[in-house]
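# Overview (structure and organization)
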Amino acid sequence: GAVVSQHPSWVICKSGTSVKIECRSLDFQATTMFWYRQFPKQSLMLMATSNEGSKATYEQGVEKDKFLINHASLTLSTLTVTSAHPEDSSFYICSAREVPGLAGGELFFGEGSRLTVL
Amino acid sequence: DAKTTQPPSMDCAEGRAANLPCNHSTISGNEYVYWYRQIHSQGPQYIIHGLKNNETNEMASLIITEDRKSSTLILPHATLRDTAVYYCIVGRSGGSNYKLTFGKGTLLTVNP
């Protein structure tokens, strides 16, 4: 299957700093990528849909000014957690669809990035 | 998107078939059934998906009832490495409405 890579795999930062997480589709182009967040022992929660060349679409309750998403190319989307606080500590996972626009195309997920805010 | 109902946990003996059920009684005509699994602290792994017909690949089989209100994921010969949380998701196909919303899933534990 298609490969989606995230970087960094884990990051520790101080409260108040900003952290950028990259999501790359390695062997396919992805016009749409999705960002999820997962707290311990909970399911994945969709945060936003990232569209190449346009603004991201955020799910209800997700602060767009807090979680900045940039999808500048067909193979790269970035999530920046601005002014991070301990409650932002979580497992952030991106995904991309290999064949956008065709019915039934599955999502491929990155390995996830674990953020710990001290 | 339609919601799904899965048992919170299941056990299976190594080498035996694991049958994971999923109810999706409010599924609409253009929604697919997707199955993913997540091993601890990793990103979800795609397993299989289908619309109406039963599907099989190298990992699993997907059996969808005729009324499409439920489905079963079958791992024919479970191994210890199949221990994971399995998510059954119903989602629209294509276009701007495409997105997958995860429920709580089923924790499958494969025992030696």
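A quick note: this is a predicted structure, and the numbers were derived from the prediction, not measured. (Residues numbered from 1 in each chain as written. Chains lettered and ligands numbered in written order. Predicted model: local features only at pLDDT ≥ 70, side-chain atom pairs only at ≥ 80, totals over all residues. Heavy atoms only, no water.)

### Notes on the overall build of chain A
Within chain A one finds zero helices and 11 strands. Going from the N terminus to the C terminus, chain A shows its helices and strands as β-β-β-β-β-β-β-β-β-β-β. In summary, chain A has a C-alpha radius of gyration of 14 Å against a globular reference of 13 Å for 118 residues, a match within 12%. Dimensions of chain A, computed from C-alpha atoms along their principal axes, come out at roughly 40 × 25 × 20 Å. Expressed as a percentage of its 118 residues, the buried residues of chain A come to 51%. (Helix = DSSP H or I, 4+ residues; strand = E, 2+ residues; numbered from the N terminus. Rg over C-alpha atoms; globule rule 2.2 N^0.38 Å. Buried < 20%, exposed > 50% of the residue type's maximum accessible area, 1.4 Å probe, protein only.)

### What about the layout of surface pockets?
By volume, the largest pocket amounts to about 560 Å³. Forming the walls of the largest pocket are 21 residues, and the residues nearest its centre are Gln-38, Lys-41 and Gln-42 of chain A together with His-40 and Val-85 of chain B. Elements with a minimum of two residues in the lining of the largest pocket: β8 (84-92) and β9 (106-111) of chain B. With three residues, the single largest contributor to the lining of the largest pocket is β8 of chain B. Residues of the lining of the largest pocket, tallied by class, amount to nine nonpolar, nine polar and three charged. (1 Å grid on protein atoms, 1.4 Å probe; cavity = no way out; pocket = protein on both sides within 12 Å on 5 of 7 lines; lining within 4 Å. Points joined across faces, edges and corners; volume = space filled by probe spheres on them. Nonpolar A, V, L, I, M, F, W, Y, C, P; charged D, E, K, R; others polar.)

### Thoughts on the state of the cysteines
In the structure shown here, the tally under the stated rule is two disulfides over all chains. Shown here is the disulfide that connects Cys-23 of chain A with Cys-94 of chain A, its sulfur atoms set 1.9 Å apart. Between Cys-23 of chain A and Cys-94 of chain A the disulfide shows an S-S torsion of about 80°. By sign, it is right-handed. Here the residue Cys-23 of chain A occupies a position in strand β3 (residues 19-25), and Cys-94 of chain A occupies one in strand β9 (residues 90-97), the gap between them amounting to 71 residues. Of the two residues, Cys-23 of chain A and Cys-94 of chain A, both sit in the buried class. Put simply, Cys-22 of chain B and Cys-88 of chain B are joined by a disulfide, and their sulfur atoms are 2.1 Å apart. Because the torsion about its S-S bond is -80°, the bridge between Cys-22 of chain B and Cys-88 of chain B counts as left-handed. With Cys-22 of chain B in strand β2 (residues 18-23) and Cys-88 of chain B in strand β8, the pair connects residues that are 66 residues apart, well separated along the chain. Each member of the pair, Cys-22 of chain B as well as Cys-88 of chain B, is classed as buried. Residue Cys-13 of chain A stays outside any disulfide, its sulfur separated by 18 Å from that of Cys-94 of chain A, the closest cysteine. For Cys-12 of chain B, which is in no disulfide, the shortest distance to another cysteine sulfur is to Cys-22 of chain B and amounts to 18 Å. Overall, the relative accessible area of 7% leaves Cys-12 of chain B in the buried class. (Disulfide = S-S within 2.5 Å.)

### What to know about the environment of Ser-83 of chain A
Residue and element names in this part refer to chain A. Inspection of the secondary structure assignment puts Ser-83 in the loop between β8 (76-81) and β9. Distance from Ser-83 to Ser-15, taken between C-alpha atoms, is 6.9 Å for residues 68 residues apart in sequence. Contact partners of Ser-83, with chain neighbours within four places excluded, come to Gly-16, Thr-17, Ser-18, Lys-66 and Asp-88. (Contact = heavy atoms within 4.5 Å.)

### Concerning the pairing of strand β4 (residues 32-38) of chain A
Residues and elements named next belong to chain A. Within β4, seven of the seven residues are buried, leaving the element largely enclosed by the surrounding structure. In terms of strand pairing, β4 meets strand β5 (residues 45-51) through six bridges, oriented antiparallel. Looking at the pairing, Thr-32 lines up with Asn-51 of β5. Between β4 and β5, which pair antiparallel in sequence order, lie six residues; one of them, Lys-41, sits at a positive phi of approximately 60°. (Pairing = 2+ DSSP bridges.)

### Remarks on the pairing of strand β2 (residues 10-13) of chain A
Residue and element names in this part refer to chain A. Alternating positions in β2 separate cleanly, Val-11 and Cys-13 being buried on one face and Trp-10 and Ile-12 remaining unburied on the opposite face. Note: β2 against strand β11 (residues 113-117), four bridges, orientation parallel. If you follow Trp-10 over to β11, its bridge partner there is Arg-114.

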